[in-house]
Amino acid sequence: MSDGPATLRVDLGERSYDILVGDGLLAGAGKLIAPVLAEPRTVVITDENVEKHCLGTLEKSLDEAGIGHQSIVLEAGEQNKDYAHVEALTGLLLDHRVERTTTLIALGGGVVGDIAGFAAAVTLRGMDFIQIPTTLLAQVDSSVGGKTGINAPQGKNLIGAFHQPRLVLADIGALASLPPREMRAGYAEVVKYGLIADADFFAWLEANGQAVLEGDPEACLYAVLTSCRAKASIVEADETEKGSRALLNLGHTFGHALEAQTGYSDALHHGEAVAIGLGLAFDLSVRMGLCPGQDRDRLRSHLAAVGLPVGLGGLADGGWSAAGLIDLMGQDKKVRSGAMTFVLLRGIGQAFITQDVDLGLLSEVLEQALDIKGA
Ligand code: GLY
């Protein structure tokens, strides 16, 4: 049962909102969201997996709070994060005769949040929406900060809008039904916050990461709250990623290239690609003489200890090359004036943004990771 949520404020002027984090919040969600509704009418958007575990509890709580609701259940999976599914979803919303005062509720992981948030941004030129993230990845990253959108054939998340939610409600009790692989993938984003600017949090994760992955409520609460606090402060400083928000992309430029190379398939989940990308960002930083090798080794030991991938072994085949990966990295939307933007490290907790990277060194780092030279 819930002890009452911890509350974090994301301070964005008139787009400010609260993140509520707690154990068992879903059962009382109706009462928690009622104050931010323009009228007591909602449409819940979820997927077929989350429907089984969480939809009934949310609907009951909405009934108890006197909030009207309809539900739309999407097919699960990253492959559904495309125009066709947004077209179908917005069509259904219009069929339901939603009004600007109707609030959409995204109940699910990152894919549901991204599609529902984008539908909220464009339907009737903008509707309110609430994020109820049910995966670790969505609770610590994608539900906070207002990035919404879909994938394009040209790359991941290339079509979208900044559209802040009115509330984020993270029930860590929802994590109990997550498969271990998905929990681990989300954990890579948690590690990212320690690497960006919080060496103490990284040390805490070295001691407590296994407890987080096993779903220990106290450890999960601390990890989600610390991650959301870190993300909120970065988003407050640079809501639309003109500069410092790019720190949140640590590991992602590499990771997105790996995901594209594997065809966004089940072979590599987003968080696993981020874990490998974090290691590659460290490899490049060490190769450039920016960072001590022992910090990179600490990261690798921790990722290995929690069962996250630390290299490309088992993934890459003869079709992979350093040049191919660099080409995919160049298609990432973080390219500015034709130059790739990198997030590198001076050590654990000391990430920084730069475009000053020698592509020859980058190629060497990737070749080493692919073990092309040794093959
Ligand atoms: N996931 C990165 C960001 O929200 O900016």
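Our subject is the structure listed above.
The following paragraphs examine the structure supplied in this document. (Residues numbered from 1 in each chain as written. Predicted model: local features only at pLDDT ≥ 70, side-chain atom pairs only at ≥ 80, totals over all residues. Heavy atoms only, no water.)

**Section: the overall build of the protein chain**
So, step 1. If you tally the helices and strands in the protein chain, you get 13 helices and eleven strands.
So, step 2. By the compact-globule yardstick of 21 Å for 375 residues, the protein chain fits well, its C-alpha radius of gyration being 20 Å.
So, step 3. Overall, the C-alpha framework of the protein chain stretches about 65 × 40 × 35 Å when taken along its three principal axes.
So, step 4. Taking all contacts inside the protein chain whose residues are at least 6 apart in sequence as the whole, residues at least 24 apart take part in 74%. (Helix = DSSP H or I, 4+ residues; strand = E, 2+ residues; numbered from the N terminus. Rg over C-alpha atoms; globule rule 2.2 N^0.38 Å. Contact = heavy atoms within 4.5 Å.)

**Comments concerning the site of the ligand**
So, step 1. If you check the shell around the ligand, you find Asp141, Lys147, Lys231, Glu241, Arg245 and Leu248 and nothing else.
So, step 2. Separating an oxygen atom of the ligand from a side-chain N or O atom of Lys231 is a distance of 2.6 Å.
So, step 3. When the ligand sits alone it has 190 Å² of accessible area, and the protein chains cover 89% of it.
So, step 4. Broken down by class, the residue content of the shell around the ligand amounts to one nonpolar, no polar and five charged. (Near = heavy atom within 4 Å. Polar contact = N/O pair within 3.5 Å; in protein donor to acceptor, adjacent residues only side chain to side chain. Areas by Shrake-Rupley, 256 points an atom, 1.4 Å probe, with all protein chains shown as cover. Nonpolar A, V, L, I, M, F, W, Y, C, P; charged D, E, K, R; others polar.)

**Side note on the state of the cysteines**
So, step 1. Inspection of the entire model under this criterion finds zero disulfides.
So, step 2. Cys54 forms no disulfide, and the closest cysteine sulfur to it belongs to Cys220, at a distance of 15 Å.
So, step 3. Here Cys228 stays free of any disulfide, with the sulfur of Cys220 as its closest cysteine sulfur at 12 Å. (Disulfide = S-S within 2.5 Å.)

**Some words on the nonpolar core**
So, step 1. Tyr187, Leu195 and Leu362 are the most contacted members of the largest nonpolar core, which has 78 residues in total.
So, step 2. With sequence-adjacent residues up to four places away left out, Leu362 is seen in contact with Phe254, Leu284, Ile326, Met329, Met340, Phe342 and Val357. (Core = buried A, V, L, I, M, F, W, Y, C linked by side-chain atoms within 4.5 Å. Buried < 20%, exposed > 50% of the residue type's maximum accessible area, 1.4 Å probe, protein only.)

**Side note on the pairing of strand β11 (residues 351-354)**
So, step 1. The sheet contact formed by strand β10 (residues 342-345) and β11 spans four bridges and is antiparallel. Along β11, the bridge assignment pairs Phe342 with Thr354.
So, step 2. Counting the residues that bridge the hairpin from β10 to β11 gives five residues, and of these Gly349 lies at a positive phi of roughly 85°. (Pairing = 2+ DSSP bridges.)

**As for the packing of helix α12 (residues 322-330) against helix α13 (residues 359-370)**
So, step 1. For the pair α12 and α13, the least separation of the axes is 9 Å and the interaxial angle reads 120°. Relative to α13, the element α12 lies oblique. Of the two elements, α12 crosses α13, and the hand of that crossing is right-handed. Across from Ala322, Leu325, Ile326 and Met329 in α12, the residues of α13 making contact are Leu359, Leu362, Ser363, Leu366, Glu367 and Leu370.
So, step 2. Within the contact of α12 with α13, the residues separate by chemical class into eight nonpolar, one polar and one charged. (Axes fitted to C-alpha atoms, helices over the stretch in contact; angles between N-to-C directions. Parallel < 35°, antiparallel > 145°, perpendicular 65-115°, else oblique. Left-handed = near helix turned anticlockwise from the far one by under 90°.)

**So, helix α8 (residues 217-237)**
So, step 1. Counted at 1.5 Å a residue, the expected span for α8 with its 21 residues is 30 Å, and the 30 Å between its end C-alpha atoms agrees.
So, step 2. Of the residues making up α8, those classed as buried are Ala219, Cys220, Ala223, Val224, Leu225, Thr226, Ser227, Cys228, Lys231, Ala232, Ile234 and Val235.
So, step 3. Contacts from the buried residues of α8 go to β1 (6-10), β2 (17-22), α5 (136-142), α6 (180-197) and α7 (199-213). (Expected span 1.5 Å × (residues − 1).)

**Topic: the environment of Gly22**
So, step 1. When you line up the elements, Gly22 lands in strand β2.
So, step 2. With 324 residues separating them along the chain, Gly22 and Arg346 place their C-alpha atoms 34 Å apart.
So, step 3. Once residues within four sequence positions are removed from consideration, Gly22 is found in contact with Ala170, Asp171, Ile172, Gly173 and Leu221.

**Observations regarding the side chain of Thr90**
So, step 1. Residue position: Thr90 is located in helix α3 (residues 83-95).
So, step 2. A relative accessible area of 17% places Thr90 in the buried class.
So, step 3. Setting aside its immediate chain neighbours within four residues, Thr90 contacts Ala119, Val122 and Thr123.

**Looking at unusual backbone geometry**
Generally, phi is negative for residues other than glycine and the peptide bonds are trans, each holding for most cases.
So, step 1. Non-glycine residue Leu124 carries a positive phi angle of around 55°.
So, step 2. If you check the backbone angles, Arg125 has positive phi at about 60° while not being a glycine.
So, step 3. You can see Arg125 is positioned in the loop between α4 (110-122) and β6 (128-133).
So, step 4. The exposure class of Arg125 is exposed, given its relative accessible area of 77%.

**Concerning the sheet that holds β6**
So, step 1. Read across the sheet, seven strands follow the order β1-β2-β9-β6-β5-β3-β4 without closing on themselves; strand pairing throughout is mixed. With one partner strand each, in any of the chains shown, β1 and β4 (68-74) form the two edges of the open sheet. Taking each pair of neighbouring strands and ignoring which way they run, the sheet shows an average axis angle of 20°.
So, step 2. Here five bridges tie β1 to β2, and the two strands are oriented antiparallel to one another. Following the sheet pairing, Arg9 is matched in β2 by Asp18.
So, step 3. Against the sheet, helix α2 (residues 48-64) makes contact with β3 (41-47), β4, β5 (103-108) and β6, and its axis sits at roughly 160° relative to β3, the strand it touches most.

**Some remarks on helix α9 (residues 252-261)**
So, step 1. Burial within α9 is extensive, with eight of its ten residues counted as buried.
So, step 2. Within α9, burial applies to His252, Thr253, Phe254, Gly255, His256, Ala257, Leu258 and Glu259.
So, step 3. Those residues of α9 hidden inside the fold are in contact with β8 (155-162), α6, α10 (270-287), α12, β10 and α13.

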